[in-house]
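Listed here are the chains, written in short residue letters.
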Amino acid sequence: MSIHREGYKYIIIASLAWALISFLCSRFLLNIPVLLWGINIICFLLWFWVVWFFRIPNRNFTEGANKIIAPADGKVVVIEETYEPEYFKDQRLQVSIFMSPLNVHVNRNPISGIITYMKYHAGKYLVAWHPKS
């Protein structure tokens, strides 16, 4: 397992925040050990969640010329035929995957190939279960 490169900044911030809160708690709440331990446990759980979110577990893939791997962890919510107006301009199969906060948020290339077209679409901040997301 490794950590995504963009996660190190957030892990350091979470570690420093936990250290600061722990220092302040030990300085001012030393007489109330239940509260001191409770706050430290909550800080640890938040820190652990940040590390958990940015994890990249090792995967073993089955390779082959006619194999396609899943591009993301999560739950397949829709497999439907839809019209693609931008590049192919015909009917295509769309596979939608919902990733919860507990899933690994790393996207993979499902097949090998060469990218011939790419366009950025700004997000609309829709809820994840909305069909247009």
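Chemist: I keep staring at the side chain of Asn103 and nothing clicks. Help me out?
Modeler: Checked against the element boundaries, Asn103 lands in the segment after β4 (90-98). Here Ser100 takes part through its backbone nitrogen, which lies 2.8 Å from a polar atom of the side chain of Asn103. Filtering out sequence-adjacent residues up to four positions away, Asn103 remains in contact with Arg55, Asp73, Gly74 and Phe98.

Chemist: When you look at the packing of aromatic side chains in this model, what are you seeing that I'm missing?
Modeler: Each aromatic ring pair is characterised by the separation of its centres together with the angle its planes make. For the structure on display, the rule yields ten aromatic pairs. Relative to Phe54, the ring of Tyr10 lies with its centre 5.6 Å away and its plane at 5 degrees, an arrangement referred to as stacked. In this pair, Tyr10 sits in helix α1 (residues 7-28) while Phe54 sits in the loop between α2 (33-53) and β2 (55-56), placing the two residues 44 residues apart along the sequence. The exposure class assigned to Phe54 is buried, which follows from its relative accessible area of 17%. Members of the aromatic cluster, connected to one another through ring pairs, are Trp18, Phe44, Trp47, Phe48 and Trp52. The ring of Trp52 has Arg55 sitting right over it, with the charged end atom 3.7 Å from the ring centre. The positively charged end of Arg92 is found above the aromatic ring belonging to Phe88, 3.8 Å away from the centroid.

Definitions and cut-offs
- For every chain, the first residue of the written sequence is number 1, and numbering continues from 1 onward in sequence order.
- Reporting of local features is limited, given that this is a predicted model, to residues whose pLDDT is at least 70; pairs of side-chain atoms are given and counted only at 80 or more, and all residues count toward the totals for whole chains, interfaces and linings.
- Side-chain metrics rest on all non-hydrogen atoms present in the structure, leaving aside hydrogens and water.
- A run of H or I in DSSP becomes a helix once it reaches four residues, and a run of E becomes a strand once it reaches two; helices and strands are each numbered from the N terminus.
- Polar contacts, as used here, are pairs of N or O atoms within 3.5 Å; protein pairs need one atom able to donate a hydrogen and one able to accept it. Residues neighboring in sequence count only if both atoms are side-chain atoms.
- Should any heavy atoms of two residues lie within 4.5 Å, those residues are considered in contact.
- Pairing of aromatic rings covers Phe, Tyr and the six-membered ring of Trp, with a centre-to-centre limit of 6.5 Å; geometry is then stacked below 30 degrees between planes, edge-to-face above 60, and tilted otherwise.
- Exposure categories follow from relative accessible area, calculated using a 1.4 Å probe and restricted to protein chains: below 20% of the type maximum is buried, above 50% is exposed, and the middle band is partly exposed.
- Charge-over-ring contacts are defined here by two conditions on Lys NZ or Arg CZ: a distance within 6 Å of the ring centre and an angle within 35 degrees of the ring normal.

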